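# Structural features, examined
One-letter residues, chain by chain:
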Amino acid sequence: MRNVITRSAIIFFIVLFGLPVVIVGQGLNGQMGYEGPDPSTRINTDADKSIIHVTSRIPNLRFDSNRGILKVVKLSSGDWDVLVSPGTHIFKIVADDYESLVLPPFNYQKLKLYEIRVSPKIFPQKFGTTSGRGSLYVDTDPSGSKLVLPDMEGEWTTPKHFKSIRAGIWTLIFTHENYDTLITEIMVNKDSVVHPPPFKLSPSFGAIAVRSSAAAQIFIDGLLATVGQNYVTQTKRGSHDVVLRKNHYDDYQVTVEVGRGDTAVVDAELVPKFGFFEFTGLDGATIWLDSRLIGGIGQVEADTGMHRIRITHPRIGDQTKMYSIAKAQTTTVRASDFEEVGILNISTDVLADISIDGKIIGQNAATQNVMPGNHVIDINHPSLGRKSMEASIYPGQRSNMFISMRPVRSTAYWLMLLPGANQLYKKQTTRGYLYAGAFAVSAGASAYFLLDYLKKKNDYDAASAGYRNATLNAETAKYREQIESLYDGINTDAKMRNTSLIAAGAVYVLSFVDALIFPPEFGYRGDKTSGINVGLNSIGDGIKFEFSMGL
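All values reported here derive from a predicted model rather than from experimental measurement. (Residues numbered from 1 in each chain as written. Predicted model: local features only at pLDDT ≥ 70, side-chain atom pairs only at ≥ 80, totals over all residues. Heavy atoms only, no water.)

### A word on the packing of aromatic side chains
Using the criterion set out here, one finds 16 aromatic pairs in the structure. Their ring planes at 15 degrees and their centres at 5.9 Å tell us that phenylalanine 63 and phenylalanine 91 sit as a pair that is stacked. Residue phenylalanine 63 is located in strand β3 (residues 62–65), and its partner phenylalanine 91 is located in strand β7 (residues 91–94); the two are separated by 28 residues in the primary sequence. The residues phenylalanine 63 and phenylalanine 91 share a single accessibility class, namely buried. For the pair tryptophan 156 and phenylalanine 162, a centre-to-centre distance of 5.2 Å together with 80 degrees between the ring planes defines the contact as edge-to-face. Using a relative accessible area of 17% as the deciding quantity, one classes tryptophan 156 as buried. Grouping aromatic residues by their ring pairs yields a cluster made of Phe63, Trp80 and Phe91. In this structure, arginine 310 packs its charged tip against the face of tryptophan 288, placed 4.3 Å from the ring centre. Over the aromatic face of phenylalanine 518 sits the side chain of arginine 431, whose NZ or CZ is 4.6 Å from the ring centroid. (Phe/Tyr/Trp six-rings, centres within 6.5 Å; stacked < 30°, edge-to-face > 60°. Helix = DSSP H or I, 4+ residues; strand = E, 2+ residues; numbered from the N terminus. Buried < 20%, exposed > 50% of the residue type's maximum accessible area, 1.4 Å probe, protein only. Lys NZ or Arg CZ within 6 Å of the ring centre and 35° of its normal.)

This is the structure we're talking about:
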């Protein structure tokens, strides 16, 4: 009986004194809640490890895993990076005055980074202190959050100090624009001042930072955000379409993933639909791109495809070449792409139009830059007529040409032997054609009558022989009649032949005398002056070539 009483007493004292200890012990152990693990947009550069980033306002967190922890890096008072080997872990978090938090098994992959947010659900409390009043000071990160206590009417903005508040467990609800709503509980003890660290709110937004190689229209999810090269904006988490648009450039399009609190960076290299022309070694040149005057040297934008480049320059002259340009590429136009022009100096001894390849360039004397190659030079005078010749010009060559339009005296004298030729050579065309025509008619008539005379003379001789040999009176009469008719024709042809010969001789003499008396309109150039003198002086190698020809 005594033993029973003794055992009952022991149990009573254990219950009486142990129960408060258990209750106090349980009160001193708060609870921890968590969110995650969520994949992060941060980059894990460690190829052999997985990183677990833990964010909490509970100080002095400690970590463990059934597979072991490789390394813990404390980034700040509320941020830790926990490095573990890839694979499935049962992650455990421990803190003073809090019950241990064991996460369900999760497969953490290499080269990945995961976010876990740990928050206190119940703060430490002391047994038997839930009656009376205490003081509570709360703040948030960021400050300025809206605070609602369901058990108390009103709405406050953090930081907030409740100087006198009922002791007990309070539910706190924090809201802030662009941040997730935070609901937590806190214990206020009698006559105590509760001042926990700021409650950290998780942002419900991220940001997009756009950097562009050229000022462009920037569209976020189809809406024009701004026009420029740099832009940063807050946006909701998730996928967003970013488009950069600029005239004459290809659209730049990309879809970015924005995580909670992260900034997605878009580096846009805009590719132009055009290319560039760059001109070198063409100082002093005037340049046309297609039909557009673009001035001198430098870099000029142009649409892709074929373009006509026209350049005028003292050493190049006026030249045109075709160039192809590709997207976003630079095509260089150099002076060496073009042949250096030649210089052609032309002069004449009369005032006449000077033309090169059909284009009049002056009178009496002219200088012209011409492209290398063959060129036709024409000298036109209203009374002296036209002279034409070809000249071959080489790059950088200077060609001096003298073309005389006056006749040569010795040539004119030799032409005196042919009626009218002297006059035509001296451009005395009316007298020349008159003498040549008269002589041709008279000489032709003389030849005609001479031939007719010889034919009729042969017929006359044949008729005379027949008359002499005739035996019949009828034959004799017939031959006599033929002889009489032919004799009259022979006399007529002889007279006309003689008259024509006299006329031809007279025309010949008159033409000869006329050639002696009447000089050419502008005089002779003399036997020692040629009709065409050409001097070619090469600028590059100093070679001189002279050519003379008398006409």
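Now, onward.
### Things to note about the sheet that holds strand β11 (residues 133–138)
Taken together, the 3 strands give an open sheet; going across it, the order is β15-β11-β18, and neighbouring strands pair in mixed fashion. At either margin of the open sheet sits one strand with a lone partner, and together these are β15 (160–166) and β18 (193–194). (Pairing = 2+ DSSP bridges.)

### Brief notes about the environment of glycine 78
Looking at where glycine 78 falls in the secondary structure, it is placed in the loop between β4 (71–76) and β5 (79–84). Glycine 78 sits 20 residues away from isoleucine 58 along the chain, and the two C-alpha atoms are 7.3 Å apart. The residues contacting glycine 78, other than those within four sequence positions of it, are Val54, Thr55 and Ser56. (Contact = heavy atoms within 4.5 Å.)

### As for the nonpolar core
Formed by 19 residues in total, the largest nonpolar core has its most connected members in Met32, Val54, Leu61, Phe91 and Ile93. Setting aside residues no more than four positions away along its own chain, phenylalanine 91 makes contact with Ile52, Val54, Phe63, Asp64, Ile69, Val82, Leu101, Val102, Leu103, Tyr108 and Ile116. (Core = buried A, V, L, I, M, F, W, Y, C linked by side-chain atoms within 4.5 Å.)

### As for unusual backbone geometry
That bond from aspartate 141 to proline 142 is cis: its omega, 10 degrees, falls within 30 degrees of zero. Along the polypeptide, proline 142 turns up in the loop between β12 (140–141) and β13 (146–148). Here aspartate 290, not a glycine, exhibits a phi torsion of approximately 55 degrees, which is positive. Structurally, aspartate 290 is set in the loop between β26 (286–289) and β27 (292–295). Residue classification places aspartate 290 among the partly exposed residues on the basis of a relative accessible area of 35%. Backbone geometry places asparagine 364, a non-glycine residue, at a positive phi of 70 degrees.

### Regarding the sheet that holds β3
In a beta sheet, neighbouring strands pair by backbone hydrogen bonds and run either parallel or antiparallel. If you walk across this open sheet you meet the 3 strands as β3-β7-β8, and the pairing is antiparallel. Since the sheet does not close on itself, it has two edges, and those belong to β3 and β8 (101–102), each with one partner. Bridging between β7 and β8 involves 2 bridges; their strand directions are antiparallel. The residue bridging isoleucine 93 from the neighbouring strand is leucine 101, located in β8.

### As for the pattern of salt bridges
In total, this model carries 17 salt bridges according to the counting rule given. Salt-bridge contacts for arginine 62 lead to aspartate 96; the nearest nitrogen and oxygen are separated by 3.1 Å. Taken together, the residues span a long stretch of sequence, with arginine 62 in strand β3 and aspartate 96 in the loop between β7 and β8 at a distance of 34 residues. Taking relative accessible area as the criterion, arginine 62 reaches 38% and is therefore assigned partly exposed. The residue aspartate 79 makes a salt bridge to lysine 200 at a minimum N-O spacing of 3.8 Å. Placement of the pair is aspartate 79 in strand β5 and lysine 200 in strand β19 (residues 199–200), with a sequence separation of 121 residues. Taking relative accessible area as the criterion, aspartate 79 reaches 14% and is therefore assigned buried. Salt bridges sharing partners connect three or more residues here, namely Glu35, Asp38 and Arg117. (Salt bridge = Lys/Arg side-chain N within 4 Å of Asp/Glu carboxyl O.)

### Looking at the confidence of the model for the protein
The predicted model of the protein averages 82 in pLDDT, with 87% of residues at 70 or higher. Note that pLDDT drops below 50 for residues 1–6; the model gives that stretch 0 contacts with residues more than four away or on any other chain. Note on residues 123–129: pLDDT is under 50 here. Beyond four places in sequence and across chains, it has 24 contacts. (pLDDT = per-residue confidence, 0-100.)

### With respect to the environment of asparagine 66
Relative to the helices and strands, asparagine 66 resides in the loop between β3 and β4. With a relative accessible area of 52%, asparagine 66 lands in the exposed category. Remark: the alpha-carbon pair of asparagine 66 and isoleucine 90, spanning 24 residues in sequence, is separated by 5.7 Å. With residues up to four places along the chain from it excluded, the contact list for asparagine 66 reads Thr88, His89 and Ile90. Among the polar contacts listed, one links the side chain of asparagine 66 to the backbone nitrogen of isoleucine 90, at a separation of 2.8 Å. (Polar contact = N/O pair within 3.5 Å; in protein donor to acceptor, adjacent residues only side chain to side chain.)

### Re a nonpolar patch on the surface
A cluster of nonpolar residues, Trp414, Leu417, Val509, Phe512, Val513, Leu516, Ile517 and Phe518, forms a patch on the protein surface that exposes about 810 Å² of accessible area. Ranked by residues supplied to the nonpolar patch, first place goes to helix α5 (residues 473–517) with 5 residues. Counting through the fold element by element, isoleucine 517 comes out in helix α5. For isoleucine 517, a relative accessible area of 53% puts it in the exposed group. (Patch = residues over 30% accessible without salt bridge, like charges linked within 9 Å, V, L, I, M, F, W, Y side chains within 5 Å. Areas by Shrake-Rupley, 256 points an atom, 1.4 Å probe, with all protein chains shown as cover.)

### As for the pairing of strand β34 (residues 359–363)
Judged from the 4 bridges that link them, strand β33 (residues 353–356) and β34 form a sheet pairing that is antiparallel. Each residue of the ladder has a partner; that of isoleucine 356, found in β34, is lysine 359. Linking two consecutive strands that pair antiparallel, namely β33 and β34, is a turn of 2 residues; a positive phi of about 55 degrees is found at aspartate 357 within it.

### Comments concerning the side chain of histidine 375
Here histidine 375 shows up in strand β36 (residues 373–381). A distance of 2.5 Å separates a polar atom in the side chain of histidine 375 from the backbone oxygen of methionine 371. Each residue touching histidine 375, except ones within four places of it in the same chain, is listed here: Ile356, Asp357, Val370, Met389, Glu390, Ala391 and Ile393.

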